[in-house]
Structure formats: C-alpha cells, structure tokens
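Descriptive analysis of the structure
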Amino acid sequence: MSSPTCFGFVQTEPASFLCLEGRLRPATHGDRDTPALYAPAFDESPNGAWLRAEDARLEEVPHATWLVRFPPPADSPPPVAWGEPDEERFRHAFARLRDLIARGVLQKGVPASRIVAAIEPGAAETLFGHLLRRVPEQPAALMAYGLCRRDPTTGRLVEFMLGATPEVLFDLHDQHCLRTMAVAGTRWSSIGPDVLQSSAKDRDEHQFVVYDLINRLAAWGSASVSGTIVRSFGDLEHLVAEISLEARRPLVFEEVARELHPTPALGVYPRNQAGLAWLSDLDPRGERHRYGAPFGISVPARPSRCVVAIRNVQYRRGELSIWAGCGVVAQSRYEEEWQEVLDKMQTARVMWGL
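The structure presented is a predicted model; accordingly, all values stated were derived computationally and were not measured.

Right, let's talk about the overall build of the protein for a bit. Counting its secondary structure elements, the protein contains eight helices and 20 strands. By the compact-globule yardstick of 20 Å for 354 residues, the protein fits well, its C-alpha radius of gyration being 19 Å. Within the protein, the fraction of its 354 residues that count as buried is 55%. Contacts in the protein between residues at least 24 apart in sequence constitute 73% of all its contacts with a sequence separation of at least 6. In the form shown here, the protein has an accessible surface area of approximately 14,800 Å², with 50% of it arising from carbon and sulfur atoms. Put simply, the protein has 39 plus and 45 minus side-chain charges, and the middle of one group is 2 Å from the middle of the other.

Laid out in structure tokens, this is it:
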C-alpha cells in the first residue's frame, strides 16, 4: 500500500483498519457485489460519490502492519503556514441562524468555518507521508479514516483527507441490524463530565439529534435508545447516546447514508426547506468538500461502517484546510460558540501535528 493510485480506509477495531486499495475511480453508484468506498461531498452530490474498481483489494491492516506499510518520508515535514480562521463566514451564518431560531423556523443549526494553508504539490506529498504515520497514534476512542487519490497516468497526488472522528453515522452488522449514535455538546475533557451533563443548552442540542435519528430510522422500524452519557474522545468530550435498530426490510448502505445525513449534529433541526437553504448558503462554493460528509466502505456479506467525516485535514488544489462547527440553539451565545470552533480547529491541528 505504499503510494497506491487510490485507497481509502476506516477504523473498524481499536487497533485495525479496513483498507480498500486499487485503481479506484469515481462512480455515481456502488456495486453491491464488490467492496466500494463511499466518499461524497457534504451535499452528497451523486457525481463521484463512490470510488470503486473491479480489481480493488480489501484488507484488514493492524496498527503494526500500518507502520511497516507507511515508512516516514526521508524529507522532513514541510512547514505549514495557516491563515486566520474565517470568522466572517461564521458570523454571517450565526446571525442568520439566530433569526431563523427566533422566528421558530429552526431549533438548531451547525454553523462552520475553516482555516487554510497554501502548499505546493511536492510538499503536500511529503506531508501526507508524515500524516499517515500519525494515524495509529490517534486516541483510542476516535475512529481514524481517510483517502488518497492520485492521477492514474502520472501518479501525482490529486487529493487526500485524513481524520479521526468521534461519530459513527451507522454500522451495518447485516442487512437488518443497524447501530448509530447521537453525539452533541462539547467541553474539554480536562473539565470533567459534570459540567457537560448539567448543561441545559447541551442537553437540548443533543436531544434534537436523538429525535431526528429516531424519526429517520422509522422508515425501517422502531429504534431503541440508550441513556445519555458523557464520553471522552481525546482532548474533547461529548454527550453520547447509542441507537440500535432491527429493520423490518433489508438495509442498503447508500440508502441509509442518504437518509441519515446530515444529522442535526452537522446540519439543522428540524430538516425543512429554510434550514437546508441556510445550510447550503453556509458554503455556496462547496469549499468544505468532504468535511462533515458520510464516509465509509460498503462490503458485501460482512459488517460495514460509515462515519461522519470531522476532525480532519483535507488537501486538494494546492490547499490544506481544517473545518470545524458547533451546535447553536436558542440559548447559544456568539462568543462561546466561536471559541468552540477555534478549540476544535486547534484540536485537529494538534492531532495531526499541524
């Protein structure tokens, strides 16, 4: 797997990654009889949502094997000069969202923003090699994932994404058994769970995610929900509830992904036209690309996982970017929410040594 044309991976066990490698090409749909990588942009445009190939190789790669497969590049990692966080994007989205909430149109939304850094293609190649070495070093509670695409003719790096997320969008254990999770609310893990657990604002924010997921899953059956707990995911902690479903009819990977995404953890509640228009206006040029999108590997006749692509760094078109968002409800205050976005950006930079 050293310098493959294209590959994608998602962590399925605490010390193991499911990897798909080969001449993967963009496709509008997956093949239910062969493994395929589902990696759409956030808006889930069907064009190129899947990456698949008939000769693709699927493999479970343990941590120790990963470090052998991806030796560090001989060159030192290039310096990365980040620009200032895009507060104007966040300020505009926050103001419009607060108006929609005040008028009773929405109860929750997730404004997001980014930091970017210009980087030359050669430097991006070297940096990617160093970032791959950090994948097994991510906190055990997080699930690492990523992809790499190269030009099939020149072998030149086209894009990459590497992340470690606290959120599983869904696990399919078979055609009828599904597990997902509602994740919301954020505090530094060092503060302790009591502050997050006692926050009415964060409990409301989390409950909207639970309501939405249960409603979305109703097409397949009645879901069961665990109690809400505070879980630590590295430097940050969140409110979490586990949700499971025994479906009345067979579950199809892409159908489930399109039904659940975007949950109110990354989108809006309730999902209505005004809310989805606000969400689209947050990123009219598609610059967030795969940030917050579903990401996973569909595997016939075996368990499949789809995660929510956050806490990542993306490279394409000569630019690195790190995105972050926060849940905003009626009780939210601008300064606190913007600080949460900055904290999440900083956490991602530290995670990936950037």
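Once you've had a look at it, read on.
The next point concerns the pattern of salt bridges. Oppositely charged side chains may form a pair once their charged atoms are brought near each other. Scanning all chains against the criterion turns up 33 salt bridges. The shortest N-O distance in the salt bridge between Glu205 and Lys201 comes to 2.9 Å. Note that Glu205 and Lys201 are positioned in helix α5 (residues 200-217) at a spacing of four residues, about one turn of the helix. Each member of the pair, Glu205 as well as Lys201, carries the same accessibility label: buried. Residues Glu259 and Arg216 are paired through a salt bridge, measuring 3.3 Å at the closest nitrogen-oxygen approach. In this pair, Glu259 is assigned in helix α6 (residues 253-260) and Arg216 in helix α5, connecting sequence segments 43 residues apart. Take Glu259: its relative accessible area is 27%, and that puts it in the partly exposed class.

Here the focus is the pairing of strand β15 (residues 236-246). Here β15 lies mainly inside the structure; eight of its eleven residues are buried. Of the pairings in the sheet, the one linking strand β14 (residues 229-233) to β15 comprises five bridges and is antiparallel in character. In the sheet register, Arg231 faces β15, and the bridge partner there is His238. Hairpin remark: β14 followed by β15, antiparallel, with two residues in the connecting loop; positive phi at Gly234, about 70°.

Further remarks concern the packing of aromatic side chains. This model, assessed by the stated rule, comprises 20 aromatic pairs. Aromatic pair Phe7 and Phe70: ring centres 5.8 Å apart, planes at 25°, arrangement stacked. Here the residue Phe7 occupies a position in strand β1 (residues 6-13), and Phe70 occupies one in the loop between α1 (63-69) and α2 (87-102), the gap between them amounting to 63 residues. Note on Phe7: relative accessible area 1%, which makes it buried. Site record: aromatic cluster; members linked through ring pairs are Phe7, Phe9, Phe17, Trp66, Phe70, Phe128, Phe160 and Tyr315. Over the ring of Phe42 we find Arg288, and its NZ or CZ is 3.7 Å from the ring centre.

Among the secondary structure elements, Ser332 is positioned in the loop between β20 (319-325) and α8 (334-351). In this structure Ser332 comes out as buried when scored by relative accessible area, which is 3%. Here the side chain of Ser332 touches Val329 through a polar contact of 2.9 Å, landing on its backbone nitrogen. The residues touching Ser332, leaving out its near neighbours within four places in the chain, are Phe94, Arg98, Lys201, Gly327 and Glu337.

Turning to the pairing of strand β2 (residues 16-22), a few remarks are in order. In terms of burial, β2 is a largely internal element, seven of the seven residues being buried. As judged from the seven bridges shared by β1 and β2, these two strands associate in the antiparallel manner. From the neighbouring strand, Cys6 faces β2, where its bridge partner is Gly22. The antiparallel hairpin formed by β1 and β2 contains two residues in its connecting segment. Pairing geometry for β2 and strand β6 (residues 57-62), over six bridges, is antiparallel. Each bridged residue has a counterpart across the sheet, and for Ser16 the counterpart in β6 is Pro62.

For the rest of this paragraph, the subject is unusual backbone geometry. In the segment running from His261 into Pro262, the intervening peptide bond is cis, with an omega of -10°. Tracing the backbone through its elements, the reader meets Pro262 in the loop between α6 and β16 (268-269). A cis amide bond links Tyr269 to the next residue, Pro270, at an omega of -10°. Along the chain, the position of Pro270 falls in the loop between β16 and α7 (273-282). The phi dihedral of Arg311 falls on the positive side, at around 50°, and the residue is not glycine.

Rules used in this analysis
- Residues numbered from 1 in each chain as written.
- Predicted model: local features only at pLDDT ≥ 70, side-chain atom pairs only at ≥ 80, totals over all residues.
- Heavy atoms only, no water.
- Helix = DSSP H or I, 4+ residues; strand = E, 2+ residues; numbered from the N terminus.
- Rg over C-alpha atoms; globule rule 2.2 N^0.38 Å.
- Buried < 20%, exposed > 50% of the residue type's maximum accessible area, 1.4 Å probe, protein only.
- Contact = heavy atoms within 4.5 Å.
- Areas by Shrake-Rupley, 256 points an atom, 1.4 Å probe, with all protein chains shown as cover.
- Lys, Arg positive; Asp, Glu negative; His and termini not counted.
- Charge placed at Lys NZ, Arg CZ, Asp CG, Glu CD.
- Salt bridge = Lys/Arg side-chain N within 4 Å of Asp/Glu carboxyl O.
- Pairing = 2+ DSSP bridges.
- Phe/Tyr/Trp six-rings, centres within 6.5 Å; stacked < 30°, edge-to-face > 60°.
- Lys NZ or Arg CZ within 6 Å of the ring centre and 35° of its normal.
- Polar contact = N/O pair within 3.5 Å; in protein donor to acceptor, adjacent residues only side chain to side chain.

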